[in-house]
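Chains, contacts and geometry: an overview
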Amino acid sequence: SQYSAVDTNPLSVYIMQPIWNKIIKIVPLWIAPNLLTFSGFVMILVNYFLISFYDWDYTASGTSPGLVPTWVWLFSAFTTFCAYALDSIDGKHARRTQSSTPLGELFDHGLDSWATSIFVLSFFSVCSRDNGKTGVSVYTMYIYLSIVLFNFMCSHWEKYNTGVLFLPWGYDISQVVLIAAYLLTGAVGVEVWQKPFLFGYYITDALVILLIGFSLFLSFPQTLYNIHRAHLKKTLKNNSLYEGLLPLVSPLLLFVLLTVWVVLSPGNILAKQPRLFLWMVGVAFSNVICKVIICQMSSTQPELFHWFLFPLALVVYAAISGLLGWTEEAVLAVFTVLVTAAHVHYGVCVGKQLSEHLNIYIFSLKKRVQE
């Protein structure tokens, strides 16, 4: 299928696009677009692990401001900007080098589906978790992450049904807000997040309200409207309601299972290991959404239940029934490692298959020699 995306966000159209058009001119023509995409993702990862090193349990900003050195926040602003830039120019560079392929599209969206959660998890270190005085509770973090992932899912569910990716306005806005937040933290310190800033509200409250408002009152209605319009124009990809709703089943079941674990965990797993648990949520989500993206690109039907729901259901059942007892945290750790390994393995396999099928290299513009 031919890739088509629509971007109507004024921030993107009038401010960011002209910047990207300038930046793209300095990228050498021999560089493969996927290399740009991947470099951006690696920067997000490096930044995430760096912050995790200084602030494993999300308390550094709240209990002892200054535990995370200033340079880390400035580095976060820098890597976030670079990742944002690379993610914005990879497609332009592909068209410029005449190397646009389905592999590039999948690579871009697949990595985005994972990066989305990593952005959010890195940001939580800025506002820190609730310590009675300041910060956000780990449950708010979980809901916040779920809403961001829900938004991401909506735009790809919409593309699955309409064939067009309407780039959500939230994307550019969130990237600019993230970079500004890191710069602000680097400039004045994490204390800025811990003082009420308007009518007794904290900046973090404002951001959470903005996010929820954006999602529920802007993104989601827009998605439904675009699908409805395609239905009226008779351009919908799927003729039955069942087929149209199918991609939502696995992500929603995933969310239900995870929420059951969060709420009914005897050892209060989310409070004990927020970083592990939320990372696992992001990886699991990314894997489920990658399947939807592949089905949408290949015009095939996703299966009703993603394979991952079965082991997860077992672990959740063992945890909430008390079977795991004191080993709940250890089981979560092992499970998280396995899920991450499975996701990376899946990505590598799909990349290999597609590069062989399309007769291209993933990270080079050279053509493969036909055997």
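Residues numbered from 1 in each chain as written. Predicted model: local features only at pLDDT ≥ 70, side-chain atom pairs only at ≥ 80, totals over all residues. Heavy atoms only, no water.

**Brief notes about helix α4 (residues 70-96)**
Put simply, the test is: Numbered from the N terminus, helices here are DSSP runs of H or I no shorter than four residues, and strands are runs of E no shorter than two. Multiplying 1.5 Å by the residue count of a helix minus one yields the expected span of that helix. Here the bend at each residue means the angle between axes fitted to two seven-residue stretches, the one ending at that residue and the one beginning there.
Taking 1.5 Å per residue as the helical rise, α4 with its 27 residues ought to reach 39 Å, and the 38 Å between its terminal C-alpha atoms agrees with that figure. At Ile 89, α4 shows its largest kink, close to 35°. Following α4 by one or two positions, Gln 98 has its phi on the positive side, about 50°.

**Structural notes on helix α8 (residues 203-232)**
The line we're drawing: Think of it in three bands: residues with accessible area under 20% of the maximum for their type are buried, residues over 50% are exposed, and the middle band is partly exposed, with areas taken using a 1.4 Å probe on protein chains only. Contacts are residue-level and defined by heavy atoms, with any inter-residue pair within 4.5 Å sufficient.
When the terminal C-alpha atoms of α8 are compared, their 42 Å separation across 30 residues agrees well with the 44 Å that a helix rising 1.5 Å per residue should span. Ser 215 marks where α8 bends most, by close to 35°. Residues Ile 203, Thr 204, Leu 207, Val 208, Leu 211, Ser 215, Ser 219, Thr 223, Asn 226, Ile 227 and Ala 230 constitute the buried set of α8. Buried residues belonging to α8 abut α5 (102-127), α6 (138-162), β2 (165-166) and α7 (169-188). Note on α8: the residue one or two positions beyond its end, Lys 234, has a positive phi of about 60°.

**A closer look at the pattern of salt bridges**
In plain terms, the rule: For salt bridges, the criterion is a side-chain nitrogen of Lys or Arg within 4 Å of an Asp or Glu carboxyl oxygen.
The full count for this structure, using the stated rule, is one salt bridge. Across the pair Glu 105 and Lys 159 runs a salt bridge, and its minimum N-O distance is 2.7 Å. With Glu 105 in helix α5 and Lys 159 in helix α6, this pair connects stretches of sequence that are 54 residues apart. When its relative accessible area of 10% is taken as the criterion, Glu 105 is described as buried.

**Quick notes on the UniProt feature "transmembrane region" (unreviewed entry) in the protein chain**
For clarity, the cut-off: UniProt positions are given in the numbering used here, feature names are shortened, and annotations may be inferred rather than shown by experiment.
Mapped onto this numbering, the UniProt entry gives "transmembrane region" (unreviewed entry) at residues 26-50, 70-86, 136-154, 199-220, 241-264, 276-294, 306-324 and 330-348. The distance separating the terminal C-alpha atoms of residues 136-154 is 26 Å; by composition the span is 89% helix and 0% strand. The span residues 241-264 carries 100% helix and 0% strand; its end-to-end C-alpha distance comes to 33 Å.

**Notes on the nonpolar core**
A general trend in soluble globular proteins is that nonpolar side chains are found buried together. In plain terms, the rule: Grouping buried Ala, Val, Leu, Ile, Met, Phe, Trp, Tyr and Cys residues that are joined through side-chain atoms within 4.5 Å yields what is termed a nonpolar core.
Ranked by internal contacts, the top residues of the largest apolar core, which has 98 residues, are Phe 123, Leu 254, Trp 261, Phe 277 and Leu 312. Discounting chain neighbours no more than four positions away, the residues touching Trp 261 are Ile 269, Phe 277, Met 280, Leu 312, Val 315, Val 316, Ala 319, Ile 320, Glu 328 and Leu 332.

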